[in-house]
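Architecture at a glance
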Amino acid sequence: MNKNPIETAIYVISFIIAVVFHEYAHGYAAYKLGDPTAKHAGRLTLNPLAHVDPVGLLAMLIFRIGWAKGVPINPLYFKKRKRDTIIVSIAGIVTNFLIAIIASILFRLTIIPNSYFYQFLFILAYVNIMLGVFNLLPFPPLDGSKILFSLLPNKIEYFFTKNERYFYLILMILIFTNRISSIIWPIVTKIVEVLFF
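Summary of the structure given here. Here the structure is a predicted model, which is why all the values come from computation and not from measurement. (Residues numbered from 1 in each chain as written. Predicted model: local features only at pLDDT ≥ 70, side-chain atom pairs only at ≥ 80, totals over all residues. Heavy atoms only, no water.)

Quick look at the overall build of the protein
For the protein, the count of helices and strands is nine helices and zero strands. Its helices and strands taken in sequence order, the protein reads α-α-α-α-α-α-α-α-α from the N to the C terminus. Along the first, second and third principal axes, the C-alpha atoms of the protein reach 55 × 35 × 30 Å. Intrachain contacts of the protein at a sequence separation of at least 6 include 73% that bridge at least 24 residues. Each charge sign in the protein was given a centre, from 18 positive and 9 negative side chains, and these centres are 4 Å apart. (Helix = DSSP H or I, 4+ residues; strand = E, 2+ residues; numbered from the N terminus. Contact = heavy atoms within 4.5 Å. Lys, Arg positive; Asp, Glu negative; His and termini not counted. Charge placed at Lys NZ, Arg CZ, Asp CG, Glu CD.)

Examining the side chain of Thr 85
Of note, Thr 85 is situated in helix α4 (residues 81–109). Among the residues examined, Thr 85 registers a relative accessible area of 13% and is labelled buried. Setting aside residues up to four positions removed in sequence, Thr 85 forms contacts with Pro 75, Phe 78, Lys 146 and Ser 150. (Buried < 20%, exposed > 50% of the residue type's maximum accessible area, 1.4 Å probe, protein only.)

Quick notes on the packing of helix α1 (residues 5–32) against helix α5 (residues 116–135)
The interhelical angle for the contact between α1 and α5, taken along N-to-C directions, is 45°, at an axis separation of 8 Å. As summarised for this structure, α1 and α5 are arranged oblique, according to the angle between their axes. Note that α1 runs across α5; the crossing there is right-handed. Of the residues in α5, those in contact with Ile 6, Glu 7, Ile 10, Tyr 11, Ile 13, Ser 14, Phe 15, Ile 17, Ala 18, Val 19 and His 22 of α1 are Tyr 116, Gln 119, Phe 120, Ile 123, Leu 124, Tyr 126, Val 127, Asn 128, Leu 131 and Asn 135. (Axes fitted to C-alpha atoms, helices over the stretch in contact; angles between N-to-C directions. Parallel < 35°, antiparallel > 145°, perpendicular 65-115°, else oblique. Left-handed = near helix turned anticlockwise from the far one by under 90°.)

Right, here's the structure in full:
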């Protein structure tokens, strides 16, 4: 992470915006599909204190990859468990990509280039793209795993769900050894190029 305190502050603010809207989108989608768990847990809010995970924020500052507190979801409330689980899982990712697109449009419309606001829009888009791509990975507890597991036959889904702690351990190893970069950065870079160049 750049030691420039202003750039660091911009990254932190961008990360908070990204994870707050990401988690809120999960909770809101679940609520609309009949699951009040997130609402009862006080997670249907844009208050950062309800969503930001200090460890995830620290990981963002060190490794440029971070996460928030997962919104509690109870699939038993869903009318169609697999379908609705996929919808809820995709909601956060779609929200991040939408924020990135909006930020890139505002970036192009900004009349004062090289300003801090100009830099903020670029980093905001970058962080949201990062979070969206990261969450597509099929490792629990990321959204990609929920999407993948919901597409699998019940017996195979049960096997992966039962052993998801081992996949979570693999994810943590990939993050803290910085191996995850080789997986997501080519994709993130390509999306950034499409939006900004």
